[in-house]
Each structure stands twice: as structure tokens, then as C-alpha cells.
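# Observations on the three-dimensional arrangement
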Amino acid sequence: MKKILFLSLAVLCISCVGAQNDRTRVKISTTKGDIVIELYNETPIHRDNFIKLVEDNFFDGLLFHRCIRDFMIQGGDPDSRNAQPGQMLGAGNIGYTLEAEFVPELIHTRGALAAARTGDHVNPERRSSGSQFYIVQGRTFTQEQMEAMNLNRYPQWTAEQIELYTIYGGTPHLDMLHTVFGRVVSGLDVVEAISLVPTDQSNRPLEDISMTMRIIR
């Protein structure tokens, strides 16, 4: 039986790892506008896999099939290509998973690109889907909320990371649970627009939001 990929409950991540000019950039063209992402060299397994899928035109015609306001937008399910209206999506897979690449400096601030995966009960190693990804929209948190979450967390967030979540927002409860492997460098307004579209009970947009991807650097 297929198991639906989900984000376990548990961008500005510009200052997390520093600016680099050798990162691969990908343009995601959608029916709501363009999003440009860059892939982190610190997560080479996910970077190389994503590049290969883009070069193979794998993502072209797929949908953002799960969109939740103040949380994230998710795509990459191969079953979403030519999906019928109302069809449940999220369980599709490409036939392989990826080893987790957790980097404490790469966190789920607004605009982070990360890998979806199945839950810990069937995936204790927290391996990533080979194709499904999400882009964080998230929300802001107070200093007190972040400090409370940080008490029993390992590794603990730095003061700078806490400040990023209080100023820019994100989904801090996903850190070290899902691999973050890139970030949005332009088009956060498009991410916002997609996250706000009307959806059904499965969080699938009522209006299909398709994508194509091209490497631009």
C-alpha cells in the first residue's frame, strides 16, 4: 500500500552558510509566475539528484499538489502529471530515496527548499523522497516561542538562527527532520501566491498549478 509523503510535525538562510557564486540555480516556471532557487553544495546528494531530474525534464508538467498557507508548497509527485480533478496526490515516487543530509546551518527559514519524505515509523533513517520537495512559506515566531522550543533541542539553534525565525519566519519544527538543500533567491511573492490558492480537503489546489524547470546557471 502506498504511503503518502508528508512533512513531519516536528529564505532567507542567507547568513547561515554565506554567499557562494558557484551554486547551481534553477528557474521554476509556474502558472503563477517564476521562482528561482539555488542548490546548496553542502548537500551534494540532493543537489546532484535535483540537477539530474531537471536536466531530464522530469518536473515538467508536474503540479504543486499540496499547498498550505503559513506552511509550505509541495511538488514533485510523478502521479500529478495529467492527474484528474480531485485525484488524491502525494503518494507517488520515483523508485528510490536519498540518504538524509542534515546540516545544522541549513534551516527551514522562509524560502528554504527541502525534501519531503515518509514518516519515521516506516523511515527511521529519515531518507528523502527521490523527487518530492517543498518550499517553505512559514510564519514568524516570537523570541519566547523560539527559546522554549530550543530548551530540549539538539543541536540547539544559534542566536542568529533564532533571530532569522523571528524576523523572516519559517518552519523551525522541521529542522533536522527533513533535508534542506536549497533556497529561493527570487520569487518569494510567487511562493506566497501559490500558498494562498483555494484547496480541497487534501490541500490540493482546486486550480492546477503546473511547473517546468530549467537550469540557468
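Described below are features of the structure shown in this document. (Residues numbered from 1 in each chain as written. Predicted model: local features only at pLDDT ≥ 70, side-chain atom pairs only at ≥ 80, totals over all residues. Heavy atoms only, no water.)

Here the focus is the packing of aromatic side chains. Applying the stated criterion across every chain, the model contains 7 aromatic pairs. Judged by centre distance (5.6 Å) and plane angle (85°), the rings of Phe59 and Phe133 are edge-to-face. A residue pair is termed long-range when its members are at least 10 positions apart, and Phe59 in the loop between helix H2 (44–55) and strand E3 (64–68) and Phe133 in strand E8 (residues 133–136) qualify at 74 residues. Of the two residues, Phe59 and Phe133, neither departs from the other in class, the shared state being buried. Just above the ring of Phe141 sits the side chain of Arg139; from NZ or CZ to the centre is 4.0 Å. (Phe/Tyr/Trp six-rings, centres within 6.5 Å; stacked < 30°, edge-to-face > 60°. Helix = DSSP H or I, 4+ residues; strand = E, 2+ residues; numbered from the N terminus. Buried < 20%, exposed > 50% of the residue type's maximum accessible area, 1.4 Å probe, protein only. Lys NZ or Arg CZ within 6 Å of the ring centre and 35° of its normal.)

The strand order across the open sheet built from 8 strands is E3-E4-E8-E6-E9-E2-E1-E10, with neighbouring strands paired in antiparallel fashion. Strand pairing shows two members of the sheet lacking a second neighbour, E3 and strand E10 (211–215), which therefore form its edges. Sheet twist, expressed as the average angle between the axes of neighbouring strands with direction ignored, equals 25°. Where strand E1 (residues 25–30) and E10 come together, 5 bridges link them in antiparallel fashion. (Pairing = 2+ DSSP bridges. Axes fitted to C-alpha atoms, helices over the stretch in contact; angles between N-to-C directions.)

Turning to the nonpolar core, a few remarks are in order. Core analysis: the biggest nonpolar cluster contains 29 residues, and Phe50, Phe59 and Phe133 have the highest contact counts within it. Excluding anything up to four places from it in sequence, Phe59 contacts Phe50, Leu53, Val54, Gly76, Arg81, Ser131, Phe133, Met211 and Met213. (Core = buried A, V, L, I, M, F, W, Y, C linked by side-chain atoms within 4.5 Å. Contact = heavy atoms within 4.5 Å.)

Now for unusual backbone geometry. Backbone torsion omega between Tyr154 and Pro155 reads -10°, so that peptide bond is classified as cis. Note that Pro155 resides in the loop between helix H3 (143–150) and helix H4 (159–167). Residue Asp70 is not a glycine yet carries a positive backbone phi of 65°. Among the secondary structure elements, Asp70 is positioned in the loop between E3 and strand E4 (72–75). According to the relative accessible area criterion, Asp70 is partly exposed, its value standing at 41%.

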